[in-house]
Amino acid sequence: MQIYLPIAEVSVNAFLLLGIGGLVGVLSGMFGVGGGFLITPLLFFVGIPPAVAVATSANQIVASSFSGVLAHLKRKTVDLKMGTVLLAGGLAGAWAGVAVFNLLREMGQVDLLVRLCYVLFLGVIGTLMFVESLRAIRRSRGGAPPKRKQRTWVHALPFKMKFRTSGLYISVLPPLAVGAAAGVLAAIMGVGGGFIMVPAMIYILGMPTKVVVGTSLFQIIFVTAFTTILHATTNYTVDMGLAVLLIVGGVIGAQVGTQIGLKMKAEQLRILLALLVMAVCAKLALDLLLRPDELYTLAGGR
Amino acid sequence: MGWRALLLLILLALPARGEEVVAGLSQTRVAITTNFSGSEILIFGAVKRGAPIPQGQPLHVVVTVAGPHTPVLVRRKARRFGIWVNTDAVEVDAAPSFYAVATTGTLTEVLNDTEDLRHKVSIPRAIRSVGAPEGVGASADFTEALIRIRSRDGLYQMHPGAVDLREQTLFRTSIALPANVTEGDYTTRIFLTRDGAVVDAYQTEIGVRKVGLERWVFTLAHNQPLIYGILSLAIAIAAGWGASAAFRMLRN
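Residues numbered from 1 in each chain as written. Chains lettered and ligands numbered in written order. Predicted model: local features only at pLDDT ≥ 70, side-chain atom pairs only at ≥ 80, totals over all residues.

- Going by an unreviewed UniProt entry, chain B carries the name TIGR02186 family protein and comes from Rhodovulum iodosum.

- As annotated in an unreviewed UniProt entry, chain A carries the name Probable membrane transporter protein and is attributed to Rhodovulum iodosum.
- Recorded in UniProt under Sequence similarities (unreviewed entry), the annotation for chain A is "Belongs to the 4-toluene sulfonate uptake permease (TSUP) (TC 2.A.102) family." (UniProt positions renumbered as here; feature names shortened; annotations may be inferred.)

Put into structure tokens, the structure is as follows:
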């Protein structure tokens, strides 16, 4: 069934969009990532203009994260205090990210830099997570109890705060920085930023894996909501029709994903996410390295 | 067919001089609705003449449909440091968002170069490009790329021999608007040619517009962006919460 999207100005199969939403929703529920890093390229493939894809995926992430975060709040696996600190950083980061994005757009190299950002971040994080998860699995097979992180540079910083749900007493500066980094990425790459925030929360902040997913979803909701409003008011690129289709698929997928996530071990979850991140990274890297079929692209055609 | 009889009546009723086009369109408005998947426009007409059909070269008909002209930035990639990067860009000053040419024969056969230049009929002529910036060179490559990409998307179409001409008097053709057309006034032109020269021309507009919900969403997004943004979020949150609540009920 073809459906005409009012803002994107293209006609797309409605079930295809529902399917994309559902797939990304499953991932969102399983891993606590917004799925923007997957939904944005998928929307390019079905012919949605990039600007609309980026802005609308931000809107879709709000919805899929909302049902996810509700499920986590019920199970009390959200560190609200930590989430608020991350959010404060995230809003500032999103604001700065939009400014950088507009600057790059004037230079005409936004596409390239966004792609390079994807390859760089996904590559580094995917590899790190993969190696770490393998090590964790080997440790648990060996029977040795997983060691809690020792004191690192994170613990030496000032402005300490108690995060009871996470069982942490650390400085607010690292969470603020992590939140800000996710916010910048949300604005530049059109992603929720979960794929950078989740590992950062585990490896830098040392948060327990159980609360990481819910807390990152909590931060992502507000940052992507803010990004949606920014895109809607500056570029008019949020497509309500597209968003509704992605959301309907996404909210159902998220529920399924949350159930799958509960049944799997944290190490298994992490290794799956690492593989997924590396696969997307490889695809994007190939696009940059191989000679494209069409050397020319059109812009400003509307 | 009804329209033919009607046209013949009009033909007979009007005083004639030389050869003139009398034309009709199956629709002068195209409504883009939620389930819009393209539209076929039937363009038909007749040649009105006061004298018998002239001897010699046969009559030909050229029909063009053009969407609104907008500037387009064409970028070219080149390999830099091992990766493919946008290096050069040329702005094409005005290119139609949609362009279709249907003719009774091949374009070179029915229209000579001078007339093509004057009326801007062929696809390269319909695109206006003042020239490439300093140092880029080969601006023609960029215009060619524009035509290639839009042709692939079904936005630029050439249909030689697609106009059906009966006894040098009645003609008709159909132009398919793809689903990815944009809003605007689409100019439809009909040329009568003999020996490559234009004998008569006719021009009319087809209004391509979004209607209903599509119209409302588009207008709101552009006129009240903040309200639109907040509404999008409200829908997103309502859907997210609604599905969550529905799943909870299902489980209990």
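Some thoughts on the overall build of chain A
- When its secondary structure is counted, chain A shows ten helices and five strands.
- Here chain A, with 302 residues, has 54% of them falling under the buried criterion.
- Within chain A, contacts between residues at least 6 apart in sequence are counted, and of these 80% link residues at least 24 apart. (Helix = DSSP H or I, 4+ residues; strand = E, 2+ residues; numbered from the N terminus. Buried ≥ 20, exposed ≤ 12 C-beta atoms within 10 Å, placed from the backbone. Contact = placed C-beta atoms within 7 Å.)

Re the environment of Leu 42 of chain A
All names here are of chain A.
- Inspection of the secondary structure assignment puts Leu 42 in helix α2 (residues 36-45).
- With 20 C-beta atoms packed within 10 Å, Leu 42 lands in the buried category.
- The sequence separation of Leu 42 and Ala 53 amounts to eleven residues, and the corresponding C-alpha distance is 8.9 Å.

Remarks on the pairing of strand β11 (residues 184-194) of chain B
- Here strand β4 (residues 59-66) of chain B runs beside β11 of chain B; their pairing, made up of eight bridges, is antiparallel. If you follow His 60 of chain B over to β11 of chain B, its bridge partner there is Thr 193 of chain B. (Pairing = 2+ DSSP bridges.)

Some points on the sheet that holds strand β6 (residues 83-96) of chain B
- Within the open sheet, the three strands sit side by side as β5(A)-β5(B)-β6(B). Their pairing is antiparallel. Edge positions in the sheet fall to β5 (296-299) of chain A together with β6 of chain B, since each has one partner strand and no second. Within the sheet, the average angular offset between the axes of one strand and its neighbour, ignoring direction, is 25 degrees.
- With four bridges joining them, β5 of chain A and strand β5 (residues 69-80) of chain B adopt antiparallel strand pairing. Bridging from a neighbouring strand, Ala 299 of chain A pairs with Leu 73 of chain B of β5 of chain B. (Axes fitted to C-alpha atoms, helices over the stretch in contact; angles between N-to-C directions.)

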